[in-house]
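Topology and contacts: notes
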Amino acid sequence: MAQLISLESLTGPGPMASVNVQGRVANAAAPMVALDALAAPAVTSEAMRMALSSKSGCESTSSCGSSDTKDDMPAEIWEKVKDHPCYSEEAHHYFARMHVAVAPACNIQCNYCNRKYDCANESRPGVVSEKLTPEQAVRKVIAVASEVPQLSVLGIAGPGDACYDFKKTKATFDNVVKHIPDVKLCISTNGLALPDHVDEIAKMNIDHVTLTINMVDPEVGTKIYPWIYYKNKRWTGLEASKILHERQMQGLEMLTERKILCKVNSVMIPGINDEHLVEVNAVVKKKGAFLHNIMPLISAAEHGTYFGLQGQRGPRAMELKALQDKLSQGTKLMRHCRQCRADAVGLLGEDRGQEFTMDQVPDEVSYDPAKREKYRELVAVERGEHVATREAAGKQLAGLAAGTSVLVAIATKGNGRINQHFGHATEFQVYEVSPKGVQFIGHRKVDEYCKGGWGEDASLEGVIAALEGVTVVLCAKIGDCPKESLTAAGILATDTYAHEWIEAGIVAWYEATYGTAPLAQMPGAAQALAASPAGVSLAT
Ligand code: SF4
Ligand code: SF4
């Protein structure tokens, strides 16, 4: 009789000891997964495709552009995105990426960048704890792939530029695919050197390229880029921005011609390019970008960037949402980006990078695919159930006569479920729900409220501020104290839907609130909504 196991038993964090990495001693404290004992229902990749091909609730229950399903795109594109956590919103619940920092040289300067090393505490792009040689990176990837079954993507995403330092990018990828042929390869670039390498990128089967485009008007570029280095010369001012813009456009067109998926990242900088990004979105759509990812500027004086030192602020969550909403007719948007570190490992939103620093990676490693294969079988089952649940949730919503649109924040550890304690959340996933459907709109990072078993008031204030515009928090558990504080701030919180699928929980709450069951049944609801900044009105 097959023994069923859960995804969580395969994916729980643990030092890299319990799998087949040569030369390592098992860590007794780590939860050991006895792979021989695992038995899951036999699910083929075909069955997984079948499960996913049933029309999901996408039209009605999720419209983050990247959450399209198999039926919404050509088969070859679906194959490229279905397990990529950044190119598919749905996949990000199940699949992980890792970045390796092998290409530290950069050919431009952005006013928001300070390439920092040895920094374990900052979570933002461009920051890493260690630079790697291609040989070290290969060992690290093999060790991670054996240990982290969710791994599906290897990316080179700074600090530095993967195309400018292309020899190291190529050496790393060529070697990794010899060991792990099914890992997807992904690079990020500022685009200046991209046109010189597109043909090689195509030959290497790099299917995903992220191109950062912050302007299509070089005048705007002069406020973002102090200099570029091109053709053995340093360029500044308008000339620099013009060259960068032309090379970015050329690179994007070349990628599109070769059917390489291009995600455009744009950093939203209030007062500099925020309004201009509408034009950027239209231009990159015309040139064939697959996704557009608007990233809020992260800026603080202690980061040591030009913008940070100048006091340039980043956008508020609701400003970002307003811009994203304005772009709904343009290139599809990625809304689930976590602005990861350049050495991030794990699911989006988590970072296990510190478990895999080079001092913990053995000199000799061998790849054991068993854990990843088993995980994929389980995910196939889970995703099929998730898709069916989303579809049912969409129908349930469509049956409601009328209602308002509200934001719901979810505490989740992944796997598409409401499965995290309020106090342990370091981010909340935010969805917008109305009778038209459930739409993922982003995440809000917070400091963990409950540390060492005690709630911290200062953190709670930060959480409340981060939940601007949110009407209700759904979580696996919440204590009375934080719940009361949230209620006083106009935010409901409940663990009634613990361990439900996210969409099912949201719809059940929404129906209980705006459907036949009156909202007033929920303790504290009337008081919270009276204080709600969202100005929620009841339709029933
Ligand atoms: S291109 Fe990337 S690494 Fe280079 S300066 Fe800009 S953000 Fe930093
Ligand atoms: S920074 Fe955004 S696009 Fe890049 S790996 Fe993280 S989530 Fe994906």
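In this report, we go over the structure that sits alongside the text. (Residues numbered from 1 in each chain as written. Chains lettered and ligands numbered in written order. Predicted model: local features only at pLDDT ≥ 70, side-chain atom pairs only at ≥ 80, totals over all residues. Heavy atoms only, no water.)

Counting secondary structure elements, the protein chain contains 17 helices and 18 strands. Here the analysis covers contacts within the protein chain between residues at least 6 apart in sequence; of these, 73% occur between residues at least 24 apart. Split by element, the accessible area of the protein chain, about 21,500 Å² in all, is 51% carbon and sulfur. (Helix = DSSP H or I, 4+ residues; strand = E, 2+ residues; numbered from the N terminus. Contact = heavy atoms within 4.5 Å. Areas by Shrake-Rupley, 256 points an atom, 1.4 Å probe, with all protein chains shown as cover.)

Another point: the environment of glutamate 89. With respect to the helices, strands and loops of the structure, glutamate 89 is situated in the loop between helix H4 (75-81) and strand E1 (96-99). Residues glutamate 89 and phenylalanine 440, spaced 351 residues apart in sequence, show a C-alpha to C-alpha distance of 8.4 Å. Here histidine 93 takes part through its side chain, which lies 3.3 Å from a polar atom of the side chain of glutamate 89. (Polar contact = N/O pair within 3.5 Å; in protein donor to acceptor, adjacent residues only side chain to side chain.)

The next point concerns the pattern of salt bridges. Where charged atoms from two side chains of opposite charge approach closely, those side chains can pair. This model, assessed by the stated rule, comprises 27 salt bridges. Linking aspartate 182 and arginine 372 is a salt bridge whose minimum nitrogen-to-oxygen distance equals 3.1 Å. One end of the pair, aspartate 182, is in the loop between helix H6 (166-179) and strand E4 (184-189); the other, arginine 372, is in helix H13 (residues 370-398), and 190 residues separate them in sequence. Judged by its relative accessible area of 2%, arginine 372 falls in the buried class. Between aspartate 325 and lysine 321 there is a salt bridge, with the nearest N and O atoms lying 2.7 Å from each other. Note that aspartate 325 and lysine 321 are positioned in helix H12 (residues 317-326) at a spacing of four residues, about one turn of the helix. Overlapping salt bridges, with partners in common, bring together Glu79, Lys82, Asp83, Glu90, Arg376 and Arg383 in one network. (Salt bridge = Lys/Arg side-chain N within 4 Å of Asp/Glu carboxyl O. Buried < 20%, exposed > 50% of the residue type's maximum accessible area, 1.4 Å probe, protein only.)

Another point: the site of ligand 2. Residues in contact with ligand 2, as listed here, are Cys86, Arg97, His99, Lys263, Met334, Cys337, Arg338, Gln339, Cys340 and Leu348. Across the shell around ligand 2, the residue classes break down as five nonpolar, two polar and three charged. (Near = heavy atom within 4 Å. Nonpolar A, V, L, I, M, F, W, Y, C, P; charged D, E, K, R; others polar.)

One pass over the full model with this rule turns up nine aromatic pairs. Linked through ring pairs, Phe422, Phe428 and Tyr449 together constitute an aromatic cluster. In this structure, arginine 234 packs its charged tip against the face of tryptophan 227, placed 4.1 Å from the ring centre. (Phe/Tyr/Trp six-rings, centres within 6.5 Å; stacked < 30°, edge-to-face > 60°. Lys NZ or Arg CZ within 6 Å of the ring centre and 35° of its normal.)

Of all five residues in strand E12 (residues 406-410), five are buried; the element is thus mostly enclosed. Covered by surrounding structure in E12 are Val406, Val408 and Ile410 together with Leu407 and Ala409, the residues of both alternating faces. As judged from the five bridges shared by E12 and strand E13 (residues 427-434), these two strands associate in the antiparallel manner. From the neighbouring strand, alanine 409 faces E13, where its bridge partner is valine 430. With four bridges connecting them, E12 and strand E17 (residues 470-474) associate as parallel partners. Looking across to E17, one finds that valine 408 is bridged to valine 472. (Pairing = 2+ DSSP bridges.)

Quick look at the sheet that holds strand E3 (residues 151-156) now. The strand order E10-E9-E8-E5-E4-E3-E1-E11 describes an open sheet built from eight strands, whose pairing is mixed. Looking along the sheet, the strands with just one partner apiece sit at the ends: strand E10 (333-334) and strand E11 (345-347). As defined by bridge partners, E1 adjoins E11 across three bridges and the pair is classed as antiparallel. Across the sheet, arginine 97 pairs through a bridge with glycine 346, a residue of E11. Against the sheet, helix H9 (residues 237-257) engages strand E5 (208-212) and strand E8 (261-268), with an angle of about 160 degrees to E5. (Axes fitted to C-alpha atoms, helices over the stretch in contact; angles between N-to-C directions.)

A contiguous patch of negative charge, built from Asp447, Glu456, Asp457 and Glu461, is present on the exposed surface. Here glutamate 456 is to be found in the loop between strand E16 (454-455) and helix H14 (457-466). The partly exposed category is assigned to glutamate 456, whose relative accessible area is 35%. (Patch = residues over 30% accessible without salt bridge, like charges linked within 9 Å, V, L, I, M, F, W, Y side chains within 5 Å. Lys, Arg positive; Asp, Glu negative; His and termini not counted. Charge placed at Lys NZ, Arg CZ, Asp CG, Glu CD.)

Another aspect to go through is the packing of H13 against helix H16 (residues 502-514). Contact pair H13 / H16: the axes reach a minimum separation of 9 Å and the direction vectors enclose 20 degrees. Here H13 lies roughly parallel to H16, going by the angle between them. In the packing of H13 onto H16, the handedness of the crossing is left-handed. Along its contact with H13, which presents His386, Thr389, Arg390, Ala393, Gln396 and Leu397, the element H16 presents Glu503, Ala504, Val507, Tyr510 and Glu511. Of the residues in the contact of H13 with H16, the class split is five nonpolar, three polar and three charged. (Parallel < 35°, antiparallel > 145°, perpendicular 65-115°, else oblique. Left-handed = near helix turned anticlockwise from the far one by under 90°.)

To continue, consider helix H5 (residues 134-147). Taking 1.5 Å per residue, 14 residues should reach 20 Å; H5 reaches 20 Å between its end C-alpha atoms and fits that length. Burial within H5 is extensive, with 12 of its 14 residues counted as buried. Where H5 is concerned, the buried positions are Pro134, Ala137, Val138, Arg139, Lys140, Val141, Ile142, Ala143, Val144, Ala145, Ser146 and Glu147. In the core, the buried residues of H5 are packed alongside E1, E3, H6, E11 and H13. (Expected span 1.5 Å × (residues − 1).)

Attention shifts here to the sheet that holds strand E6 (residues 227-230). With respect to topology, three strands assemble into an open sheet ordered E2-E6-E7, the strand pairing being antiparallel. Lying at the two open borders of the sheet, with one neighbouring strand each, are strand E2 (108-109) and strand E7 (233-236). In terms of strand pairing, E6 meets E7 through four bridges, oriented antiparallel. When the bridges of E7 are listed, tyrosine 229 appears paired with arginine 234. Here H9 sits on the sheet in contact with E2, E6 and E7, set at roughly 105 degrees to E7.

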